[in-house]
Amino acid sequence: MEAWYMDESSEDQRFPHRLSPNQPVTREQLQHIGVYYWKLNADIYENDPELQKIREERGYSFMDIITIHPDKLPDYGNKVKMFYEEHLHLDDEIRYILDGSSYFDVRDKDDRWIRLAVSKGDLITLPAGIYHRFTVDETNYTKAMRLFVGEPVWKAYNRPADDFDIRKTYVSSLRSS
Ligand SMILES: CSCCC(=O)/C(O)=C/O
Ligand SMILES: [Fe+2]
C-alpha cells in the first residue's frame, strides 16, 4: 500500500494524480484519520489463518468477491462512475484486494484528498463516516473481497452528508486523535 496527497487536476481519474514533488502519507497519518491496513498473502485467501484471525477478532462474518473489469462487472461504466462519487457509509468499508490494483481516495482532517494505491494482498479498512471514493487505475482491473460485520449494507450517501450521526461521530473522533 502506498499513499500520497493528490493533485487537483481534472485529468482521467485512473491516473495517479501525484503532486510534484510527491507528498507521501504515512501509515501513522492514515491511522489518525481511522484508516488501517494489513498485507496478507492473497494466493492463499481461501485458507489463510492470518485472514481468518482478523475476521474472527473483528467480527467480519460476511464476505463476497467483486471483480471490477469491463468484461466482468455488469454496467461497468456506470458503476465506476458511481464508485467515484464522494460518499460515506454508516459502517466501515473493508476491502481485501485479491488481484489487480486500484485506488481508494479519502479526505484528511483538512479536507484534502489522499490517494491509497492498493494491490494484491492489501486489506484496508475505512471508518464509517469518512468521505471517500474508489476508482480503478489504468489497468481497469481489480478483484476484491468485501468484508462486513453482520449483514452487509451497501448504501452510500453522497456528500453532503454532514447531518448524519455517523459523520458527526467520525468528525469528533478526529478532534480527539
Ligand atoms: C473494491 S469494492 C468497490 C468499491 C466500493 O464498494 C465502495 O464502496 C467504494 O467506496
Ligand atoms: Fe464506499
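Model, not experiment: these values are computed from the prediction. (Residues numbered from 1 in each chain as written. Chains lettered and ligands numbered in written order. Predicted model: local features only at pLDDT ≥ 70, side-chain atom pairs only at ≥ 80, totals over all residues. Heavy atoms only, no water.)

**Student:** How would you summarise the site of ligand 1 if you had to cite specific residues and measurements?
**Tutor:** Neighbouring ligand 1 are the residues I68, F83, H87, H89, E93, R95, F104, H132, F134 and A144. A distance of 3.2 Å is found between an oxygen atom of ligand 1 and a side-chain nitrogen or oxygen belonging to H89. Between ligand 1 and the protein, one listed contact pairs an oxygen atom with a side-chain N or O atom of H132 at 3.0 Å. Relative to its unbound accessible area of 320 Å², ligand 1 is 96% covered by the protein chains. When contributions to the shell around ligand 1 are tallied by element, the ones reaching two or more residues are β5 (93-107) and β8 (132-136). A per-element tally of the shell around ligand 1 places β5 first, with three residues. (Near = heavy atom within 4 Å. Polar contact = N/O pair within 3.5 Å; in protein donor to acceptor, adjacent residues only side chain to side chain. Areas by Shrake-Rupley, 256 points an atom, 1.4 Å probe, with all protein chains shown as cover. Helix = DSSP H or I, 4+ residues; strand = E, 2+ residues; numbered from the N terminus.)

**Student:** Give a description of unusual backbone geometry that names residues and reports values.
**Tutor:** Cis rather than trans, the peptide bond between S20 and P21 has omega equal to 0°. Residue position: P21 is located in the loop between β1 (2-5) and α1 (27-32). Not every positive phi belongs to a glycine, and H17 is a case in point at roughly 55°. The topology assignment puts H17 in the loop between β1 and α1. The backbone phi angle of D111 is positive, close to 70°, even though this residue is not glycine. Note on placement: D111 falls in the loop between β5 and β6 (113-119).

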